[in-house]
Amino acid sequence: MSDTCELPLFPLNTVLFPRGPLPLRIFEPRYVDMVKRCMREGSCFGVVLVQGGGETGPVAGYSDIGTTAPIVDFNLLPDGLLGLTCRGERRFRVLRRWRAADQLNMGEVEWIDPAGGAAPTVSLPGEHRHLADLLRKVLPELGGIYEGIEPRLDDAEWVGARLVEILPINLADKQRCLELLDPLERLELISPLIRRAGEETD
């Protein structure tokens with residue numbers, strides 16, 4: 001299997017992590033067509049963080065590193081838009097980018113994570129067990145968005161990614177966390193943020 005492939009890209013004001021949830025409402029024709037093609041072919045699209053401009057219309061730029069988003073479920077919403085449930089799978093790096101005739105963003109990408117999804121499991125160190133305990137308490141309080149996602153509370157990669165998803169930190173910092181290859185380094189980065197948030201709520 002080649003280490004590179006062509007992938008439709010969906011620039012969003014969000015940072016998607018492997019095994020993370022992504023609910024979407026689709027209305028632009030180019031993305032409706034992209035979703036139809038993905039469902040017909042059993043393929044996925046890539047989510048990249050917008051860098052300049054908005055999610056609709058022309059996009060000024062987007063991050064080089066993103067995550068693939070297979071479609072888990074879909075439904076027609078009451079407002080007539082297409083609702084998708086996607087789940088992050090595999091990080092990639094954009095090597096070359098262009099705009100297709102239908103204005104869909106396309107990229108030639110190389111894989112960061114191995115085939116089959118996220119990086120190999122790294123055990124959660126004892127000094128970070130409190131982070132897993134925090135997730136065990138908080139995730140059920142967030143409603144249905146994390147339903148169906150298998151908890152991996154002993155996995156440093158999984159714990160760090162879920163915390164970055166739910167922490168109120170800016171998108172640039174979330175993107176920096178996505179790009180870190182060492183899950184323990186990511187935990188070291190976000191632990192002070194959690195302590196600070198706890199102090200502010202005391």
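The present account deals with the structure reproduced in this document. (Residues numbered from 1 in each chain as written. Predicted model: local features only at pLDDT ≥ 70, side-chain atom pairs only at ≥ 80, totals over all residues. Heavy atoms only, no water.)

## Some words on the environment of Trp158
The topology assignment puts Trp158 in helix H3 (residues 156-166). Given the relative accessible area of 3%, Trp158 is considered buried. For Trp158 and Val122, which are 36 residues apart along the polypeptide, the C-alpha to C-alpha distance reads 9.1 Å. Once you skip the residues sitting within four places of it in the chain, Trp158 turns out to touch Arg19, Leu135, Leu139, Ile149, Glu150, Pro151, Arg152 and Leu153. (Helix = DSSP H or I, 4+ residues; strand = E, 2+ residues; numbered from the N terminus. Buried < 20%, exposed > 50% of the residue type's maximum accessible area, 1.4 Å probe, protein only. Contact = heavy atoms within 4.5 Å.)

## Here we look at the environment of Leu7
Mapped onto the secondary structure, Leu7 falls in strand S1 (residues 4-12). Setting aside anything within four residues of it in sequence, one finds Leu7 in contact with Cys44, Phe45, Gly46, Thr68, Phe92, Asn105, Met106, Gly107 and Val109.

## Here we look at the nonpolar core
Where a protein is soluble and globular, its nonpolar side chains tend to be buried together. By size, the foremost hydrophobic cluster in this structure holds 25 residues, and its most contacted members are Phe17, Leu135, Trp158, Val159, Leu163, Leu187 and Ile190. Among the elements of the structure, helix H2 (129-138), H3, helix H4 (171-179) and helix H5 (183-201) are those that each provide at least two residues to this core. Ranked by residue count, the leading element in this core is H3, at six residues. Not counting the four nearest positions on each side in its chain, Leu135 is found in contact with Pro140, Leu153, Trp158, Val159, Arg162, Leu163 and Ile166. Within the second largest apolar cluster, 19 residues are counted, among which are Tyr31, Val47, Ala69 and Cys86. (Core = buried A, V, L, I, M, F, W, Y, C linked by side-chain atoms within 4.5 Å.)

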